[in-house]
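Inside the fold
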Amino acid sequence: MEIKEERSSDEARQFLPSSQVDSLGEPQFTSIQRIANEPKLEFSLACKDLVAATRDRKLNTFIQVSVVHPAEHILTRYSSTEIVEGTKDPLFLTGVTFPPEYPIYEETKIKLTVYDVKDKSQDTVRTSVLPDHKEPRADIGRSFLGCTTFRVADLVKSKEQQLTLTLRTSDGGKTVGTIEVNLVKMGELEDGETDHITTDAQDQKCALVHECTATEGISGKDSLPSLSAVLKNPICKLYRFPTSDNKWMRIREQMAETTLSFHVPKELINLHIKEDMRRNQELKDLGELAPHWDNMRKSVIAHCDQMLSMYQDTLAELGKHAGSSFKSSCSKGEKTLEFIPINLHLQRMHVHSPRLKDALYDVITVGAPAAHFQGFKNGGLRKLLSKFEAERRNTGYQCIYYSPENTAKAKEVLSNINHLQPLISSHADLLLSSASQHSPDSLKNSLKMLSEKTELFVHAFKDQLVRSALLALYTARPGCPLKKPAMPRNSAEEGSDLQHQDHPSQIKRQDSIPHHSEYDEEEWDRVWANVGKSLNCVIAMVDRLLEKDNVSNTKEGENDPSAADCKVFHTGGDWYEQLYPLVITLKDCMGEVVTRAKQSMAFVLLQELACGLPQCLMLTLRRDIVFSQALAGLVCGFIIKLHAGLHDQGFLQQLHTVGLLVQYEGLLSTYSEEAGMLEDMAVGISDLQKVMFKVIEAKSEDFLPIITGRREHYVIEVQLPAKMFELLPQEIKEGKLLRMYPVLFNVGINEQQTLAERFGDTTLQENINQENLELLKEYYKLFTEKMPPDCLPHFQEQNDLKGLLENLHQNIQAKKRKNVEIMWLAATICRKLNGVRFTCCKSAKDRTSMSVTLEQCSILRDEHQLHKDFFIRALDCMRSRQTQGALNESDDPETGCLTDNKPTSRHFYPVALLLVSSHLLVVWLILSLALLLAKYQ
């Protein structure tokens, strides 16, 4: 859904902000006083008593809007309305909006030109720069009716905020009708009712619509610097639609790019590089291994280095990227951009109704997260991961099989080590510093922090995996019998199975353990327990020192049960001297545990990589690519939702108590390549459960989010300005991690899905919908348990949600073809639960825009009383396209990519593709014949 307007260099000069215009030496002009971040000028248009060229012709008219800058004698075509058919009194539902950064002043002149369209299929409305004395040539399919000009000051200063202008022919002689210009202010009711709309006017059809492009920011009262740092280049549309009680409601539709399309993937790749470099170093630090295991390690490291180099090259290429802040659909196959989401945009609808509160409706549109460059010949991640896991189980003698749960646990242990060890050392040094200063309060606080972190550290190794991995590592040392240890299944099973292993007493070890001695199963337990004992000694000594300081008559040398394992020190004298040896002992014990645990967990990761080279690394790459695309969209959606809900205490309570529901609407088919895309998308969205959000106060003007963590667990730190941060609940301000609950519901709606339903398989779609229905029910259950009943607005009662969930369950079970009711129900439930909405198809263009516009018009009808006779016309307005700027009829207005002229008939599939399969060819012939017969009957 990327709609761009390209301008010439001369025209670009017209769009410079006022400060830049002044620097060029241009005179000062009178600015239009409007609310900050709101459009400078908005107005609606209508014509009356238009005169047709021939008496019997019904007019199909639209208005071309052009701007004459007061400092230049240049006419710039700015926008146009939709085409209204079959009336001499057209009422245009599409208005004109000038964004906040557009250089429009009271002295600016606006020219309105009315055209009669004879053949809309050939009509093109181009934006260009022309001398003000020259009329644009009459393009094929339309004819000039009349024009008029007015100054902006005349409109904004008029008492009625309305102008009635006379339309004249190009020579200024003949009058061909009048045009009404009404100033529009969102948030203020429009004078008058819509009773004057006749039946003839209600039947008017809409064919084209204009998009206005802003240079910075996004209009709206909620726009703040932190949001402007994330969104850019908004495209605005203005509509007015009648309500069922004959009042006007105004709709401002906005679509904006996001800088997160590139920011998030670059941050993520940087984390991948650091994580992989640590892993490679840990593999090298395993020490001396037997020849078989050493050769395996060398092979793994070589492959990992190649993959690491590829990540580094990708990051370097992304660093060079300049230009658009999103990836267009025609670039989805580029290798250097494979981590970037396709067409990531915010689609926002701001509704101002006469009798209802203003409302914002946001949808994030993005192409399905998928590895397009790698292709889908062998399916997507869902199938590839399942196949790979089955193959790993049959690796035989070459390596030891560890389940995905065990390898994930190994990564978690390594992450905890890297995180906790420096923290414990830091707190231990603070404890000694407090002791040297003889500060009791500081000593207590330092001891508390040291105890908490050390307990977390000790708890991290309470897993049978560490013990079994140590045993496996010892068998891999030189001089030990090359014997494959029992394959660990999971932590619970390993604990009961370890005692049945018959070989620990026969296993020899070297280097870090006594050479050629029998393996002692309890040695790890003793090393691990020494950390806890050392901490107890430190605690006991601190207690003694504080007691001696507070109670002078306490007996020295009194036995303390908690210090039974400690060496007794004289409690008098310097605190630092008495604590120092105990802290050093704690650090030494911790260092011994870290060394052994790191090596054992690195050995587990070595097995994971060795069992599947190079497929394991390629699957990791593919998963990283898909996750990167999905995460960029999620971060954008979270930030938009947080800004929109800052004043909603119920939402903020839900955010930190339950978490945020994130609902993805998929429109992919289950046929051919799109089935692979759907498999990628399903895994990528499921992986978002690993992501937690944290809101922090910004310390600078850089409001972009900060990403930390590793592949199994990421934390996104969202920065807010101080004034906004103060609006948050105390729990969020204190750094509570916020959980995400992503769900995906997919319904294929294109012609390929028809083939899949009739001749293929839709099991993938059915399984995904059923699995995510259970996740949605789980979130709803959690919501009802933790949130008060009055959290939801009055029209969103829990009984309604129960009914919607049950209806959704029935529709999923029905297995009806192209059941779009699933999409509508899931979207409604998401909105009622304050969730974030995503709509995805292959490229976030045609199917996505059709879905979003239908949803917007349905919301206007159901929630804002859109007149029933105007539903189709409103839908046509929102779905219309217009070629503009440098684009022409053969261009794709959503991608900016030059495309070939395509036939309007969609059922003639490429014969070369169909010839691959005789069955498909027969199907094509039957369908084409049936459609042709229906056409000519």
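Residues numbered from 1 in each chain as written. Predicted model: local features only at pLDDT ≥ 70, side-chain atom pairs only at ≥ 80, totals over all residues. Heavy atoms only, no water.

**A short note on the state of the cysteines**
Within this structure, the stated rule accounts for one disulfide. Paired through a disulfide, Cys399 and Cys611 show a sulfur-sulfur distance of 2.2 Å. With the S-S dihedral at roughly 130°, the linkage between Cys399 and Cys611 falls on the right-handed side. Placement of the pair is Cys399 in the loop between helix H8 (381-392) and helix H9 (404-436) and Cys611 in the loop between helix H14 (575-610) and helix H15 (615-644), with a sequence separation of 212 residues. Each member of the pair, Cys399 together with Cys611, is buried. (Disulfide = S-S within 2.5 Å. Helix = DSSP H or I, 4+ residues; strand = E, 2+ residues; numbered from the N terminus. Buried < 20%, exposed > 50% of the residue type's maximum accessible area, 1.4 Å probe, protein only.)

**A word on the nonpolar core**
Nonpolar side chains in soluble globular proteins tend to be buried together. Counting 86 residues, the largest nonpolar core has Leu431, Phe457, Phe461, Leu579, Met601 and Phe603 as its most contacted members. Listed in part, the 60 residues of the second largest apolar core include Cys636, Leu668, Ile685 and Val691. (Core = buried A, V, L, I, M, F, W, Y, C linked by side-chain atoms within 4.5 Å.)

**Considerations on the pattern of salt bridges**
Pairing between side chains of opposite charge can happen when the charged atoms of each approach one another. Tallying each qualifying case throughout the model produces 30 salt bridges. Here Asp687 ties to Arg623 by a salt bridge, and the two come within 2.8 Å at their closest N and O atoms. Within this pair, whereas Asp687 is found in helix H17 (residues 673-687), its partner Arg623 is found in helix H15, the two being separated by 64 residues in sequence. Classification of Asp687 by relative accessible area gives buried; the value is 4%. Among the residues examined, Arg623 registers a relative accessible area of 29% and is labelled partly exposed. The partner of Asp624 in a salt bridge is Arg711, and the shortest N-O contact between them spans 2.9 Å. With Asp624 in helix H15 and Arg711 in the loop between strand E18 (706-710) and strand E19 (713-720), this residue pair connects regions lying 87 residues apart in the sequence. For Asp624, a relative accessible area of 5% puts it in the buried group. (Salt bridge = Lys/Arg side-chain N within 4 Å of Asp/Glu carboxyl O.)

**Considering the packing of aromatic side chains**
Scanning all chains against the criterion turns up 15 aromatic pairs. Taken together, a centroid distance of 5.1 Å and an interplanar angle of 70° make the contact between Tyr78 and Tyr102 edge-to-face. One end of the pair, Tyr78, is in strand E3 (residues 74-80); the other, Tyr102, is in the loop between strand E5 (96-98) and strand E6 (109-117), with 24 residues separating them in the sequence. Here Tyr78 and Tyr102 have matching classes, each one buried. Ring centres of Phe638 and Phe693 lie 4.1 Å apart, and the angle between their planes is 20°; on these two criteria the pair is classed as stacked. Pair noted here: Phe638 is in helix H15 and Phe693 is in strand E17 (residues 691-697), with a separation of 55 residues, a long-range link. (Phe/Tyr/Trp six-rings, centres within 6.5 Å; stacked < 30°, edge-to-face > 60°.)

**Some thoughts on the pairing of strand E12 (residues 231-242)**
Counting buried positions over the 12 residues of E12 gives 10, a clear majority of the element. In terms of strand pairing, E12 meets strand E13 (residues 248-258) through 10 bridges, oriented antiparallel. Looking at the pairing, Leu231 lines up with Thr258 of E13. (Pairing = 2+ DSSP bridges.)

**Quick word on H9**
Between the first and last C-alpha of H9 there are 48 Å, a value that for 33 residues agrees with the 48 Å anticipated at 1.5 Å per step. The largest bend in H9 is about 25°, located at Leu420, with the proline Pro422 one to four residues further on. (Expected span 1.5 Å × (residues − 1). Bend = angle between axes of the 7 residues up to and from the residue.)

**Quick look at the packing of helix H13 (residues 523-550) against H14**
Viewed as axis vectors pointing N to C, H13 and H14 meet at an angle of 160°, and their least axial separation amounts to 9 Å. If you check the angle between H13 and H14, you find them roughly antiparallel. With respect to the hand of their crossing, H13 and H14 are arranged in left-handed fashion. Partitioning the contact of H13 with H14 into residue classes produces 20 nonpolar, four polar and four charged. (Axes fitted to C-alpha atoms, helices over the stretch in contact; angles between N-to-C directions. Parallel < 35°, antiparallel > 145°, perpendicular 65-115°, else oblique. Left-handed = near helix turned anticlockwise from the far one by under 90°. Nonpolar A, V, L, I, M, F, W, Y, C, P; charged D, E, K, R; others polar.)

**A closer look at the pairing of E19**
The element E19 is largely enclosed, with a buried count of seven among its eight residues. Examined bridge by bridge, E17 and E19 share seven bridges and lie parallel to one another. Bridging across to E19, Lys694 finds its partner in Glu717. Sheet topology note: the E18/E19 ladder contains five bridges and is antiparallel. Paired with Ile706 across the two strands is Glu717, which belongs to E19. Where E18 hands over to E19, the hairpin turn is made up of two residues, counted between the paired strands.

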